[in-house]
Every structure is written in C-alpha cells, then in structure tokens.
Amino acid sequence: MEIGLNHYLALSAILFSIGLVGVMRRKNLLLLFLATEILLNSVNIAFAAISHYYGDLTGQMFAFFVIAIAASEVAVGLGLLIVWHKRHGNIDLDTMSTMRG
Amino acid sequence: MELYLYIALFAPLVSSLFSALFTATPKKMFTGVVASGLIISALVSSIVLLVHILNGGGVVHVELMTWMETGDLYIPFGFVVDEVSVTMMMVVTLVSSVVHVYSVGYMDHDKGFNRFFSYLSAFVFSMMVLVMSDNFAGLFIGWEGVGLCSWLLIGFWYHKESATWAANEAFIMNRIADLGMLIGLFLIYWHTGTLQYTEAFAAMPSLNTEIVTWIGIFLFIGAMGKSAQFPLHTWLADAMEGPTPVSALIHAATMVTAGVYLVVRSSPLFDLIPHVGLFIASLGAFVALFAASMALVNRDMKRIIAYSTLSQLGYMFVAAGLGAYWVALFHLMAHAFFKALLFLGAGNVMHAMHDELDPFKMGGLKKPMKWTFIMMTLASVALAGIYPFAGFFSKDLILEVAFVEHHFILYTVLLFTAGLTAFYSFRLVALIFHGEERYKLFGVHPHEAYKFMLIGMSPLLLLAIIAGSFKMTYFEMVTALLPATEYHIHSHLTFWIMTIGTQLFVGLSILYAYKKYANSSITVPNGTSKMENSFVYKMLFNQYYIPYLYQEYFVKPYRELSTVFWEQVDMKIVDASVDGIAGIVYGTGEKTRAMQSGNLSTMLKWMVAGTVGLLSLAVVFGLAARYSGEIKTILSGLGV
C-alpha cells in the first residue's frame with residue numbers, strides 16, 4: 001500500500017486529537033507543554049505533507065517557522081515553570097488559581 | 001425709529017439677564033435699580049414711538065432675522081410698531097415700570113429679591129414680543145413666554161404648597177387653551193399659507209366661511225385661556241397666591257388682556273364672522289356678571305380685585321365681539337391703569353397688615369394709610385365708571401356699543417354688572433379704610449408704604465384720572481388700523497337719560513356699599529349670621545362650586561386614571577419589560593460565572609470547546625456556501 005497524502009493527514013489529525021486530549025486532561029504543567037508540542041507538530045506534519053503534495057515549498061517554510069516559535073515558546077515556558085516550582089514547590093495546574101475571580 | 005424699537009424690545013431682556021446673574025446671591029439693591037432703569041428706558045422708547053405714530057410717521061416694521069425657512073414656510077423674527085401695538089407697548093412698559101419701581105420697596109425683605117426682578121423683566125420681554133410681533137408664530141412665542149413667566153411668578157414663593165398648586169393650575173389651564181390656539185394657527189397656515197398678519201388677513205375673505213369660523217373659534221379658545229374666560233376662569237383667582245406686584249402687572253394689566261389683544265389684532269378675521277363675534281360678546285357679558293357676583297361676597301382682598309379684573313375682561317370681550325375693537329382696546333388701556341393701581345394699593349395694605357387679606361379684619365385704615373386710601377378710592381371710582389375718571393369713558397362706551405348695536409340683553413346685563421362693580425369695589429374700600437379699627441384686635445400696627453413706592457404709583461393715579469380725556473386722540477390714531485365706527489346714540493334725550501341714569505345707578509350702589517359696610521357695627525363674620533347661611537351666599541362664596549366640580553369631575557377621575565395607568569401599564573408592562581431585560585443579563589451572568597473559576601485546566605477545556613464550536617460553524621457555513629444552489633432548490637420545493 002502506498003503511503004499517500006490522506007495517511008499523513010490522518011496521522012496529523014490523530015496526533016492533534018491526542019494533543020488536544022492532553023491539553024484538556026493533563027494536570028501537570030510540564031506534560032501540558034508536551035501536549036502543546038504534539039499539537040504543534042501534528043500541524044507541522046500536515047503542512048509538510050500538503051506542501052509536498054502541491055509541490056509548493058511555502059508549507060514547509062511555514063513548518064520551520066512553527067518549529068522556531070515552538071522552541072522559543074518552550075524556552076520561555078520552561079523558564080516560568082522553573083520559577084513557579086521554586087516558589088510553590090509544585091507544578092500542579094489545579095493549584096494555579098491566583099486569577100480566580 | 002428702529003433703534004427705539006430695539007430698545008423697547010430688548011431692554012427688558014437685558015434687564016432680565018442682568019438680574020439673573022445675581023439670583024443665587026443675597027439681595028442686591030442695584031439689581032432692582034438697574035432693572036427699573038432698563039424698563040423705564042423701554043418706556044421712554046415706547047413714548048418716542050408713540051409720538052412718532054401720532055405725528056403720522058407711519059408704521060415701523062423691522063425684520064430682525066429669518067427664523068424658519070423651509071419650502072413654502074417662511075417665518076421671520078419680524079416686529080411691527082403700528083397703532084395697535086404701540087398702544088399695548090405703552091400699557092405694558094408703563095405699568096411694568098411702575099411695578100418695577102414699586103417692587104423695589106415691596107420685595108424689600110424678600111430673600112428672592114434678585115430672582116424676582118429677573119422673572120419680572122423676562123415677563124415684560126415676553127409680553128413685548130407678544131404685542132410687537134408681526135406674525136402669529138412670534139405672537140405664540142410671546143404667548144407661551146408670558147405663560148411661563150406667569151407660572152414662575154405665581155409660584156414665586158415655591159415653599160408654599162398653595163402657591164405651587166396655583167402656579168400649576170394656571171399653567172395647565174393655559175395649556176388646554178393654547179392647544180386651541182395652536183390648532184387655529186395650523187388652520188391659518190394650512191389655508192392661507194402664511195402666518196404674517198397682513199398676508200393672512202388679506203387671504204381670509206376668499207376662504208370658505210366655515211373655515212374662517214373654525215379659525216375664529218380656535219383662536220378665541222386660546223384667548224379664553226389667557227384672559228380667563230368661563231369655563232377656564234378658575235386659575236385667575238388662585239393666581240393671587242403670587243406676590244402682589246405680579247398680580248398688578250400680569251393678572252390685571254397685561255397678560256390677561258393678551259386674549260383681548262389677540263381678538264383686536266385679528267379684527268379682519270372676526271369681522272368676517274359676526275356670529276362668532278356675537279358668541280364672544282355673549283360670553284363676555286356672562287363672565288362680567290358671573291365674576292362680579294362672586295366678588296360681592298368674597299373675603300379675600302386680592303381675590304375680589306381679581307374677580308373684578310375678570311369682570312372687566314368680560315366687558316372688553318363684549319366690545320371686541322360686537323366689532324368695536326377700538327373700544328375694547330381703549331377699555332383695556334384704561335383698565336390697566338386703575339386696576340394696577342388698585343392692586344398696588346392692596347399690596348400696601350397687605351404690607352401694613354402683615355399679609356392679612358381679609359378686609360373684615362382691617363377697618364379704619366384711612367388714618368395710618370392716608371395716601372393709599374386716596375389712591376385706592378380714586379382707583380375704585382375710576383373702576384366704577386364715575387365721570388370724569390377713566391372708567392367712565394371706556395366702560396360707558398361699551399354700554400353704548402351694546403345699546404347702539406341693539407343687543408339690549410347684553411346692555412342690561414352690563415348695566416347691572418356696572419352697579420355690582422361699584423358695590424363690591426366700595427365694599428372693599430369701606431371695609432378696609434372706614435369704620436371701626438378692627439385690626440387692633442389682632443395686634444397689628446399698620447404703617448404707610450415707603451415714599452418712593454407711593455411716588456412710583458402716582459403716574460397710574462394720574463392716568464386713572466385723566467386717561468378718558470385722550471379718547472378722541474386715541475380714536476383718531478387707532479382707527480388707522482381698526483374699523484372706525486363711532487357709537488353715538490342718535491337721540492340726545494336717550495343719551496342723557498342713559499348716561500345720567502347709569503351714573504345715578506352706580507352712585508347709589510356706592511352709597512349703599514358705604515352705608516352697609518362703613519358703619520361701626522361690622523364685625524369679623526363667624527359664619528353664624530343669617531346672610532352667611534343663605535343658599536345664594538354659600539353658592540357665591542364657593543364660586544358656584546365650580547372649583548369643587550373641577551376637582552371632583554376632572555382632577556379626581558384623571559388622577560384615578562393615572563393611577564390605573566401607573567399600576568397596570570407602567571409597572572406591569574413598561575417597567576416589567578425593562579426589568580426583564582436586566583434580569584436576563586444578570587441571570588446569565590450568574591449562571592456563567594462558574595466558567596471563570598480561575599482554574600487553568602477548566603479554562604483550557606472551555607478554550608477547546610470554543611475552538612471546536614467555531615470550527616464547526618466554519619464547516620457548516622462552508623458547506624452551505626458550496627451547496628447553496630441545492631439548498632435553494634430544496635427550500636423552494638418546500639414552498640418557502
């Protein structure tokens with residue numbers, strides 16, 4: 001069986017769903033970042049596949065941008081995470097409710 | 001001449017605005033002085049204009065600026081000084097000058113001194129607009145302006161419940177009548193296409209008589225309200241709650257005569273509809289008698305004079321209704337002088353008696369108040385119409401008009417009323433100034449008013465005495481504009497019998513009043529005497545129960561209707577729907593605030609839900625756009 005565009009897109013969709021469930025279910029901030037990475041990379045897969053399918057490099061370029069931004073986002077996020085952990089001793093999402101109205 | 005016109009018109013406005021600057025500050029004597037000075041400058045300008053008109057200088061007409069101009073409608077701020085309006089200007093500025101000077105003394109101890117002058121001058125300005133305007137729209141502005149100032153001034157002592165009530169009553173009654181007037185103006189514009197006096201009156205004769213009749217009726221309804229004719233008369237007596245100078249200026253000399261002025265000004269219109277004129281005359285005669293009868297028994301000094309004003313307005317309407325416009329205007333002028341004098345005299349008495357209004361509690365005031373006594377007696381003589389005072393020339397003329405026009409019923413009513421007028425005027429004078437000094441029982445020490453107040457009143461006294469001698473000059477002037485009908489009784493014998501007869505009748509009424517009320521046996525009535533318990537006395541004393549009937553049959557049902565509307569419509573429909581909308585917003589807020597728990601995990605879930613929702617919407621719209629053709633076919637198949 002030849003691997004075609006639809007397979008990549010299906011993989012992308014599956015990964016995206018996994019990431020989405022992770023975002024919703026995880027209570028650990030670190031694992032939340034991982035779920036976000038899965039979301040971003042599922043989109044990257046779709047970009048790359050469609051780009052290849054149309055023979056247009058724009059999609060792959062865009063995937064690189066996403067990787068770059070994801071890297072910087074994780075860098076900032078991890079920094080904040082470490083500071084939070086130093087202050088409060090945990091990284092549990094349910095305890096982060098200082099914005100409660 | 002235009003300069004004088006502008007001074008006469010705008011000096012009162014400047015005076016009002018100037019005094020208005022100091023309304024929030026304690027009494028300042030200079031506001032009174034400046035206001036009086038400016039009003040006197042308006043008086044001087046009016047005199048210059050009068051001399052100009054008398055010397056045949058012609059009508060002064062200016063167009064200040066365009067007020068409204070849309071399509072065929074063109075209404076300028078135009079002002080005209082002609083023979084009729086200059087008469088009114090003289091009356092207004094003269095009486096208001098006197099009243100301003102008088103008020104400086106009268107309002108001496110009042111906290112609202114500055115405010116009073118502001119209102120009073122604003123009234124004079126409105127009145128000048130009313131009489132000087134060259135079109136109906138300007139007249140209406142002045143008409144409403146005097147109504148507003150009247151409301152402000154009747155309710156001047158607004159801390160008194162009765163004063164605010166009287167002010168509102170006057171205003172509401174006038175609003176009812178003003179609706180009639182407004183309809184009249186609409187009809188005029190609709191059928192003639194203009195509101196300028198000259199053009200509108202020129203177009204009237206070519207109109208259908210029925211339309212002209214309706215215009216006349218509606219304009220007269222407006223006049224009825226302002227001039228307090230039956231059945232809209234109750235406000236005038238209640239308006240006496242205001243300060244006395246206000247009663248003298250507004251409710252005797254000027255504003256209440258605006259209705260007569262309107263009829264006189266519209267003489268070309270009313271000439272076309274003599275049947276409406278006859279109705280006006282009949283109503284006038286009825287009001288003359290009706291008001292005079294109420295004045296006979298009243299025990300409130302100012303109300304007696306107010307009823308007398310009402311009665312004299314009736315006389316004016318008789319003359320105007322019968323087509324004797326110049327006679328009406330002449331009586332208006334003469335009446336303004338002696339009635340204002342009478343009111344100002346009453347103001348002196350009130351001051352001396354510490355605001356006591358019941359003449360039965362006075363008596364014998366001629367000694368401490370010699371000058372007021374002389375002025376009020378002479379004013380009453382003029383009002384009664386004794387030769388050679390002003391009232392004789394103007395009031396007897398109205399009687400002659402009724403006689404010459406063969407309206408003998410009107411004549412008889414007016415003659416009888418003349419007797420009543422003499423009686424109640426001198427009943428008042430006798431009770432106040434003659435007889436025992438009953439005021440001593442109440443521990444009052446009366447004193448004469450300030451000298452400058454008495455001097456300020458003297459021009460009115462002079463005019464009340466000599467105004468009659470201007471009759472022919474006045475006749476020649478004013479008939480340039482009004483129909484010049486002279487009313488002469490052809491037979492000399494009839495004329496002399498009538499004149500002397502009237503004089504004797506009036507004289508006897510005066511003597512009877514003196515005999516009955518000037519003796520020493522008068523005491524303060526306590527409701528036990530036979531007369532006080534008679535039916536007629538009770539009916540007259542309660543003003544024919546008309547205020548009571550209005551209260552029972554108009555005010556109370558209206559109040560109940562309002563309560564129903566308030567409770568059923570306002571509370572249950574209007575308020576309920578507004579509150580309902582607010583309730584929905586509050587309710588959804590209350591329900592959805594759980595979403596903002598501050599928990600990041602929950603928020604993320606909501607974010608995902610939102611994304612999914614938006615995505616599904618995008619998909620639905622995308623599909624709809626793609627298959628729009630098919631959807632339309634299906635929908636049309638369903639008959640939509």
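Residues take numbers from 1 onward in each chain, read along the sequence in its written order. Both sets of labels track the order of writing: A upward for chains, 1 upward for ligands. Selection of residues for local features in this predicted model requires a pLDDT of at least 70, selection of side-chain atom pairs for listing and counting requires 80 or more, and totals for whole chains, interfaces and linings are taken over all residues.

Peer 1: Give me the overall build of chain A: which residues, what numbers.
Peer 2: Looking only at helices and strands, one finds 3 helices and 0 strands in chain A. Where helices and strands are cited, they refer to DSSP runs of H or I of at least four residues and of E of at least two residues respectively, numbered from the N terminus. Along chain A, from the amino end to the carboxyl end, the secondary structure elements read α-α-α. Computation of the radius of gyration draws on C-alpha atoms, with the globule rule given as 2.2 Å multiplied by the number of residues to the power 0.38. Expected size for 101 residues packed as a compact globule is a radius of gyration near 13 Å; at 17 Å, chain A overshoots this value by more than 25%. The dimensions of chain A, computed from C-alpha atoms along their principal axes, are 50 × 25 × 25 Å. Think of it as a crowd count around each C-beta: if 20 or more other C-beta atoms lie within 10 Å the residue is buried, if 12 or fewer it is exposed, and in between it is partly exposed, with C-beta placed from the backbone throughout. With 101 residues in all, chain A has 11% of them scored as buried. We call two residues in contact when the distance between their C-beta atoms, placed using the backbone, is within 7 Å. Here the analysis covers contacts within chain A between residues at least 6 apart in sequence; of these, 46% occur between residues at least 24 apart.

Peer 1: Please set out the overall build of chain B residue by residue, giving values where relevant.
Peer 2: Across its full length, chain B holds 25 helices and 2 strands. In terms of principal-axis extent, the alpha carbons of chain B reach across some 110 × 65 × 50 Å. Across the 640 residues in chain B, those meeting the buried criterion constitute 48%. For chain B, long-range pairs separated by at least 24 residues make up 81% of all intrachain contacts whose partners lie at least 6 apart in sequence.

Peer 1: Describe helix H20 (residues 471-478) of chain B, naming the residues involved and giving the relevant values.
Peer 2: All names here are of chain B. Buried residues of H20: Tyr474, Met477 and Val478, and no others. Here the buried residues of H20 occupy an arc of 80° about the axis, which is enough to place them on one side. The exposed set on the far side of H20, more than 90 degrees from its buried face, consists of Met472 and Glu476. Buried residues in H20 make contact with helix H2 (29-54), helix H3 (83-106) and helix H15 (325-352). Our arc is simply the arc of the directions from the helix axis toward the C-beta atoms.

Peer 1: Explain the nonpolar core to me, using residue names and the numbers behind them.
Peer 2: Put simply, a nonpolar core is a cluster of buried Ala, Val, Leu, Ile, Met, Phe, Trp, Tyr and Cys residues tied together by C-beta atoms within 7 Å. One finds Ala340, Leu341, Leu414 and Ala464 of chain B to be the most contacted residues of the largest nonpolar core, which totals 204 residues. In terms of residue count, H15 of chain B provides more of this core than any other element does, 20 residues in total.

Peer 1: How would you explain the domain arrangement of chain B if you had to name every residue and give the values?
Peer 2: Looking at chain B, the domain boundaries give domain 1 (135-541) and domain 2 (604-640). The split into domains, and so the bounds of each, comes from an automatic or database assignment of domains. Just the C-alpha atoms count here: the centres of domain 1 of chain B and domain 2 of chain B sit 82 Å apart.

Peer 1: Describe the environment of Pro231 of chain B, with residues and values.
Peer 2: With respect to the helices, strands and loops of the structure, Pro231 of chain B is situated in the loop between helix H8 (209-226) and helix H9 (234-238). By C-beta crowding, Pro231 of chain B is classed as exposed, having 12 other C-beta atoms within 10 Å.

Peer 1: Break down the pairing of strand E2 (residues 73-81) of chain B for me, citing the residues and quoting the values.
Peer 2: Residue and element names in this part refer to chain B. Pairing between two strands is assigned when DSSP locates at least 2 bridges connecting them. As paired strands, strand E1 (residues 60-70) and E2 are joined by 9 bridges and run antiparallel to one another. Among the inter-strand pairings, Glu63 is bridged to a residue of E2, identified as Gly78. Linking two consecutive strands that pair antiparallel, namely E1 and E2, is a turn of 2 residues; a positive phi of about 60° is found at Gly71 within it.

Peer 1: An account of the environment of Ser85 of chain B is requested, with residue identities and associated values reported.
Peer 2: Residue and element names in this part refer to chain B. With respect to the helices, strands and loops of the structure, Ser85 is situated in helix H3. A residue is classified by how many C-beta atoms lie within 10 Å of it, and Ser85, with 26 of them, is buried. Sequence separation of Ser85 and Tyr512 is 427 residues, and the distance between their C-alpha atoms is 40 Å.

Peer 1: Which residues make up unusual backbone geometry, and what are the values?
Peer 2: All names here are of chain B. Here the residue pair Phe230 and Pro231 is connected by a cis peptide bond, since its omega of 5° sits within 30 degrees of zero. Located in the positive-phi region is Asp355, a residue other than glycine, with phi close to 65°. You can see Asp355 is positioned in the loop between H15 and helix H16 (370-384). Phi is positive for Tyr545, which is not a glycine, with a value near 60°.

Peer 1: Mind laying out the interface of chain B and chain A, listing which residues take part and the relevant values?
Peer 2: Listed per partner, the contact involves 9 residues of chain B and 11 residues of chain A. Ten residue types, Ala, Val, Leu, Ile, Met, Phe, Trp, Tyr, Cys and Pro, are classed as nonpolar, four, Asp, Glu, Lys and Arg, as charged, and the remainder, Gly among them, as polar. For the side of chain B that touches chain A, the per-class residue count stands at 3 nonpolar, 5 polar and 1 charged.

Peer 1: Now, about the environment of Ile522 of chain B: what can you tell me, with residues and values included?
Peer 2: Residues and elements named next belong to chain B. By the element assignment, Ile522 lies in the loop between helix H21 (492-517) and helix H22 (535-541). On a C-alpha basis, the gap between Ile522 and Phe360 in space is 7.8 Å, while along the polypeptide they are 162 residues apart. Setting aside residues no more than four positions away along its own chain, Ile522 makes contact with Phe360, Gly363, Gly435, Glu436 and Tyr517.

Peer 1: Residue-level account of the packing of H15 of chain B against H20 of chain B, with values.
Peer 2: Residue and element names in this part refer to chain B. Viewed as axis vectors pointing N to C, H15 and H20 meet at an angle of 130°, and their least axial separation amounts to 11 Å. Considering the angle they form, H15 stands oblique to H20. Remark: the crossing between H15 and H20 carries right-handed chirality. For the pair H15 and H20, contact is made by Trp326, Leu329 and Phe330 and by Lys471, Tyr474, Phe475 and Val478, respectively. Broken down by class, the residue content of the contact of H15 with H20 amounts to 6 nonpolar, no polar and 1 charged. Axis geometry follows a simple rule: fit a line to the C-alpha atoms, using only the stretch in contact for helices, then measure angles between N-to-C directions, giving values from 0 to 180 degrees. In this scheme, roughly parallel covers angles under 35 degrees and roughly antiparallel covers those over 145, while 65 to 115 is roughly perpendicular and the rest are oblique. The handedness criterion is simple: a crossing whose near helix is rotated anticlockwise from the far helix by less than a right angle is left-handed, and one whose near helix is rotated clockwise is right-handed.

Peer 1: Would you mind going over the confidence of the model for chain B in detail, with residue names and values included?
Peer 2: One rule of thumb: low pLDDT means the predicted coordinates there are not for detailed reading. Mean pLDDT over chain B: 88, with 100% of residues reaching 70 or higher. In the predicted assembly, ipTM is 0.81 and pTM is 0.79. Every residue is assigned a pLDDT by the predictor, reflecting its confidence on a scale from 0 to 100.

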